[in-house]
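# Observations on chain architecture
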Amino acid sequence: MINVKETKFENWKCVSVSDGKTEVMVTVDMGPRIISLTYNGGANHMAVHPETRGRIVNSDSFVAYGGHRVWHAPESRERTYFSDNGKVDYAIHDKGCTFTSQLEKETMTRRGFDVSMTDKGEVVVTHFIKNEGLFDIDLSIWGLSQFANGGLLVAPHTTVDTGLVSNECISLWPYGRMTDKRVYWGDKYVTVEPDSAAKTPFKFGMSLNEGYAAYFNHGQLFVKRMEYYYDCEYPNYGCNFESYTNAAFIEIESLSPIMTIEAGETETLTEKWTLYDGFAKPARDDEQAITAAFKKAGVKGQNG
């Protein structure tokens, strides 16, 4: 049975969606943001910024609170970093709740997501952006999750054999270094172990053909699934997955293909989240242990 109720997280008014094991809390004083994600009463997997915890900052510009939110890409100062401090409209339904932001007047878009739960224990997060302007717009819908430090991110390499042409892209940002000690470039996986003492950030992106990324933390395994579409244009040289980390958090991000949203129309991006209990964090370079954990949890890629 799915239980949906109004509640509080810190001082923020929220809506809780729970199936009795997994609980998601979404802010409705601002956002919307998934600010808490717990399983079996365990620790919160989401990062919450201590400097803004429980507060709503009175600002017309973007404020970092943490958690999960929906943005639009490609990223730029002019179109991405607008305030989400306004109150959220929400509509409760049998399987969860739909959350809708205030109109972003600068871009004439309205953003939000639906949080639903399945009988398989999955959290289905369906992001949407509605174009309320007079003209068509081109963008990628961007689901961005900030997770608490202390864990291990795992992104699998593709298993598709494309013969004489490349089968995967990896993108880097100007402040990133291939030799960053937080990152392990393995044969099967790219792993990132965030470091709370890190002095510089790191970001990379991939064409994540296998359609999932994972994060080991708090004795649990989190898996985010996002479908990869072939023969589509993605941002940043073909990335449907990106991850950014600094001293405070690590991000697990999915991106839709770049699409045209016609005036008055809405487009979506869907992620499926699953949490599994009883999974210790493996060593970042122990690909055998990572594979064994995925097999135990029944995690399979889009390509089999």
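Whatever comes next refers back to the structure up there.
So, here is what we can say about the structure in this document. Keep in mind that this is a model prediction, so the values were computed, not measured. (Residues numbered from 1 in each chain as written. Predicted model: local features only at pLDDT ≥ 70, side-chain atom pairs only at ≥ 80, totals over all residues. Heavy atoms only, no water.)

## Regarding the pattern of salt bridges
Under the counting rule described, the total for this entry stands at eleven salt bridges. We note a salt bridge from K203 to E242, for which the minimum N-O separation is 3.2 Å. Here K203 is found in strand β15 (residues 202-206), whereas its partner E242 is found in strand β18 (residues 241-245), with 39 residues between them in sequence. Given the relative accessible area of 4%, K203 is considered buried. Residue E242 is classed as buried on the basis of its relative accessible area of 1%. E253 serves as the salt-bridge partner of K203, at 4.0 Å between the closest nitrogen and oxygen. In this pair, K203 sits in strand β15 while E253 sits in strand β19 (residues 249-255), placing the two residues 50 residues apart along the sequence. For the pair shown, K203 and E253 are each scored as buried. Within the structure, one salt-bridge network assembled from shared partners comprises E75, K203, E242 and E253. (Salt bridge = Lys/Arg side-chain N within 4 Å of Asp/Glu carboxyl O. Helix = DSSP H or I, 4+ residues; strand = E, 2+ residues; numbered from the N terminus. Buried < 20%, exposed > 50% of the residue type's maximum accessible area, 1.4 Å probe, protein only.)

## As for the nonpolar core
Membership of the largest hydrophobic core comes to 44 residues, with the highest contact counts inside it found for I34, F99, V115 and F241. Among residues more than four places away in sequence, those in contact with F241 are L153, A155, F204, G205, M206, L208, A213, M226, I252, E253 and L255. Among the nonpolar cores identified, the runner-up in size contains 15 residues, and V154, Y276, I290 and A293 belong to it. (Core = buried A, V, L, I, M, F, W, Y, C linked by side-chain atoms within 4.5 Å. Contact = heavy atoms within 4.5 Å.)

## Some words on the sheet that holds strand β9 (residues 123-131)
Here we have ten strands laid out as an open sheet, ordered β6-β7-β8-β9-β21-β17-β16-β11-β14-β13, and antiparallel in their pairing. Two strands lie at the open edges of the sheet, namely β6 (89-93) and β13 (183-185), each paired on one side alone. Neighbour-to-neighbour, the strand axes of this sheet turn through a mean angle of 15°, independent of strand direction. Pairing of β6 with strand β7 (residues 96-100) involves five bridges; the strand directions are antiparallel. Note that in β7 the partner of I92 across the bridge is C97. Strands β11 (152-156), β13, β14 (189-192), β16 (212-217), β17 (220-226) and β21 (266-277) of the sheet are contacted by helix α2 (residues 287-297), whose axis makes an angle of about 100° with β14. (Pairing = 2+ DSSP bridges. Axes fitted to C-alpha atoms, helices over the stretch in contact; angles between N-to-C directions.)

## Describing α2
Every buried residue of α2 is listed here: E287, I290, A293, F294 and A297. Looking straight down α2, one finds that the buried residues subtend no more than 120° of arc, so they occupy a single side. The exposed residues of α2 that point more than 90 degrees off its buried face are Q288, K295 and K296. Taken together, the buried residues of α2 touch β11, β13, β14, β16, β17 and β21. (Arc of directions from axis to C-beta.)

## Regarding the packing of aromatic side chains
For any two aromatic rings, the description comes down to two numbers: the centre-to-centre distance and the angle of the planes. Within this structure, the stated rule accounts for 22 aromatic pairs. Consider the rings of F9 and W12, whose centres lie 6.4 Å apart with planes at 10°: the pair is stacked. In this structure, F9 and W12 share a single accessibility class: buried. Seen from their ring centres, Y244 and F249 are 6.0 Å apart, and the 35° between their planes marks the pair as tilted. F249 carries the same exposure label as Y244, and that label is buried. Cluster of aromatic residues (ring-pair linked, three or more members): F62, W71, Y81 and W142. Above the ring of W71, the side-chain terminus of R69 is found at 4.1 Å from the ring centroid. If you follow R77 out to its NZ or CZ, it ends over the ring of Y81, 4.5 Å from the centre. (Phe/Tyr/Trp six-rings, centres within 6.5 Å; stacked < 30°, edge-to-face > 60°. Lys NZ or Arg CZ within 6 Å of the ring centre and 35° of its normal.)

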